[in-house]
2 protein chains.
Amino acid sequence: MSGGRSSRGDSASARQIVYGRNPVREALRGQRRVLRCWAGGSGAEGIDVAPEIQLQTVSPEELDRIAGSPDHQSIVCEVELFPYVDASDLLDDEQALIVALDQVQDPQNFGAICRSAECAGATGVVVPERRSVDVTAAVSKASAGAVEHLRIAHVRNLADYLAEARDRGAWIYGAEQGAAISYTQPDYSDRTVLVLGSEGKGLRPRVREACDQLVSLPVLGRIDSLNVSATAAVMLYEALRHRNESTG
Amino acid sequence: MSGGRSSRGDSASARQIVYGRNPVREALRGQRRVLRCWAGGSGAEGIDVAPEIQLQTVSPEELDRIAGSPDHQSIVCEVELFPYVDASDLLDDEQALIVALDQVQDPQNFGAICRSAECAGATGVVVPERRSVDVTAAVSKASAGAVEHLRIAHVRNLADYLAEARDRGAWIYGAEQGAAISYTQPDYSDRTVLVLGSEGKGLRPRVREACDQLVSLPVLGRIDSLNVSATAAVMLYEALRHRNESTG
């Protein structure tokens, strides 16, 4: 699956750009090879670029052009395409903690969720191939470089993947506003998949039906709903808390 | 305190701009008066603008100019200045749950924290006057309009405010990466102030010393730290969980 996806961009050059201090720093010690770097002024200061990687000093305008964004903090690098993993492999771990995103299309939210997932020690993140965001430079930036260490998988059909996960012993918890069961109720100690929908639209019906349980966070204020990345952080750390309490 | 702050902008007109569908919608049912609206095309569709508020249709370019940002989703309104509250008043509630931010300067993070605080039913958010962000249009947007309902206070000196809060019976918990005590340990049932520092820099020494306890979230991945707004969401919902369990 990941192979098919990656081949998308390998016509001219199977390469991507990563920009920003944290993303570049994490790329340099992350899961894909860094091919070369460009920095402006003191952009590379404090960043450990291995001697075998070509580091070129360029003008701010050139950096903007290479990064395709002014958001580069004076450092940009070229990396191999993001190495998506096979979603099924994420289920091998008996204690797998997986975040599945249904149509989350905002790079900021996707990046923020990846950052929380990596910090919470999640096994990986699963997103549908269509109507989702790829791991772009903007996503890496929003994740503070967390994606450079995180296992991320594409699946053709999220509901089918959740059915597979259930067959393999995972419990599937979908976040849905107003669901009667609190997110604090599940045990989370076995293989767990947390399913989060897009803001506004929530979970699609087939994805919703593929969940063992729909859970909600209390919303006590006057606005509709918590941000999807805040919801993800709260649920990930709740799962972690349950696991720590059950082992210690 | 809020009076002094608000007077900053009342020379020409004591007014601010709010833009974006959620922010404008929340402003229209929020704590400050909406003076007029501008919309482009179907920008005002589904938004309940009271008949007494002047609604003008303008071009996209004009909207960009009025909003001072292209991020307006075809609807902009003019509102009264943000009505900061007195920080001491937030402590009146015996069950107060307050978020205090030490030098959080990023509008995205500030807005996201306000959104989570409003959703978690927090009493309010306290920020120092200097080296913090004001409640700007960008903050309102990042909060999905939550700031329009949330009590936000400025204080001259955050450490002094925390000392006052402690004198009035509040427990002060500072988030610090690597602190020995887990954020799940405190009871959170009395008046509580959660103190969060800027990303990268953490809490300033005097603010740190004003805390009763420093607590941390586990960080299990390879990157340094959780985003400050994710930390805020996790801690707010942890406080809520403790309170729900102790009452029910």
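Look up: the structure comes first, before these words.
Predicted model, so just to flag it, every value in this text is computed and none were measured. (Residues numbered from 1 in each chain as written. Chains lettered and ligands numbered in written order. Predicted model: local features only at pLDDT ≥ 70, side-chain atom pairs only at ≥ 80, totals over all residues. Heavy atoms only, no water.)

A. Examining the pattern of salt bridges more closely. Residue and element names in this part refer to chain A. With the rule as written, the count across this model stands at 32 salt bridges over all chains. Salt-bridge contacts for R166 lead to D212; the nearest nitrogen and oxygen are separated by 3.0 Å. Separated by 46 residues along the polypeptide, R166 in helix α6 (residues 158-167) and D212 in the loop between α7 (205-209) and β11 (213-216) bring together distant segments of the chain. Taking the relative accessible area as the measure of exposure, R166 reaches 38% and is therefore partly exposed. (Salt bridge = Lys/Arg side-chain N within 4 Å of Asp/Glu carboxyl O. Helix = DSSP H or I, 4+ residues; strand = E, 2+ residues; numbered from the N terminus. Buried < 20%, exposed > 50% of the residue type's maximum accessible area, 1.4 Å probe, protein only.)

B. Structural detail: a negative patch on the surface. All names here are of chain A. A contiguous patch of negative charge, built from D93, E94, D187 and D190, is present on the exposed surface. In this structure, D190 sits in the loop between β9 (181-182) and β10 (192-197). Assessed through its relative accessible area of 41%, D190 is described here as partly exposed. (Patch = residues over 30% accessible without salt bridge, like charges linked within 9 Å, V, L, I, M, F, W, Y side chains within 5 Å. Areas by Shrake-Rupley, 256 points an atom, 1.4 Å probe, with all protein chains shown as cover. Lys, Arg positive; Asp, Glu negative; His and termini not counted. Charge placed at Lys NZ, Arg CZ, Asp CG, Glu CD.)

C. Spatial organisation of the environment of G30 of chain B. All names here are of chain B. Residue placement: G30 occurs in the loop between α2 (21-28) and β2 (34-39). Look at G30 and you get partly exposed, because its relative accessible area is 29%. Spatially, the C-alpha atoms of G30 and S225 are 34 Å apart, while their sequence positions differ by 195 residues. Excluding residues within four positions of it along the chain, G30 makes contact with E148 and H149. (Contact = heavy atoms within 4.5 Å.)

D. Main features of the sheet that holds strand β9 (residues 181-182) of chain B. Residues and elements named next belong to chain B. The strand order across the open sheet formed by 7 strands is β7-β6-β5-β10-β8-β11-β9, and the pairing between neighbours is parallel. The outermost strands of the open sheet, each flanked by one partner alone, are β7 (152-155) and β9. Of the strand pairs in this sheet, strand β6 (residues 124-128) and β7 are connected by 4 bridges, and their pairing is parallel. Paired with V127 across the bridge in β7 is H154. Those strands touched by helix α4 (residues 107-119) are β5 (97-102), β6 and β7, and its axis lies near 170 degrees from that of β5. (Pairing = 2+ DSSP bridges. Axes fitted to C-alpha atoms, helices over the stretch in contact; angles between N-to-C directions.)

E. Representation of the nonpolar core within the structure. Among the nonpolar cores identified, the biggest contains 84 residues, and F110 and I152 of chain A together with F110 and I152 of chain B are the most heavily contacted of them. When neighbours within four sequence positions are excluded, F110 of chain A is seen to be in contact with L101, V104, V125, V127, V133, D134, V135, V139 and I152 of chain A. (Core = buried A, V, L, I, M, F, W, Y, C linked by side-chain atoms within 4.5 Å.)

F. Spatial organisation of the relation of the copies chain B and chain A. The transformation that overlays chain B on chain A combines an axial shift of 0.0 Å with a rotation of 180 degrees, and the residual RMSD is 0.0 Å. Such a combination of rotation and displacement between the chain copies is what one expects of a two-fold axis. It is V234 of chain B whose C-alpha, among those of chain B, lies nearest the rotation axis, at 2.4 Å. Residue by residue, 100% of the interface of chain B is reproduced at the interface of chain A, so both copies engage with the same surface. (Least-squares fit on C-alpha atoms with pLDDT ≥ 70 in both.)

G. Quick look at the pairing of β6 of chain B. All names here are of chain B. Summarising burial for β6: 5 of the 5 residues are buried, a large majority. Of the two faces of β6, the one lined by G124, V126 and P128 and the one lined by V125 and V127 are each fully buried. In terms of strand pairing, β5 meets β6 through 3 bridges, oriented parallel. Counted as the bridge partner of A100 is V126 from β6. For the crossover that starts at β5, traverses α4 and ends in the parallel β6, the hand is right-handed. For the crossover from β6 across helix α5 (residues 137-142) to β7, the handedness is right-handed. (Right-handed = clockwise from strand over helix to strand, strands pointing away.)

H. Examining the interface of chain B and chain A more closely. Listed as interface residues are 33 residues of chain B and, on the opposing side, 33 residues of chain A. Of all residues in chain B, R222, I223 and Y237 of chain B bury the most surface against chain A, accounting for 25% of the area lost on that side. Between chain B and chain A we count 2 salt bridges in total. With its nearest N and O atoms 4.0 Å apart, the salt bridge here joins R241 of chain A to E238 of chain B. Run the count over chain B and chain A and you get 12 residue pairs in polar contact (both at pLDDT 80 or more). For the side of chain B that touches chain A, the secondary structure elements donating two or more residues are α4 and α8 (228-247) of chain B. Tallying contributions element by element places α8 of chain B first for the side of chain B that touches chain A, with 7 residues. A breakdown of the residues in the side of chain B that touches chain A according to their chemical character gives 16 nonpolar, 9 polar and 8 charged. (Buried area = accessible area lost by both parts, 1.4 Å probe. Polar contact = N/O pair within 3.5 Å; in protein donor to acceptor, adjacent residues only side chain to side chain. Nonpolar A, V, L, I, M, F, W, Y, C, P; charged D, E, K, R; others polar.)

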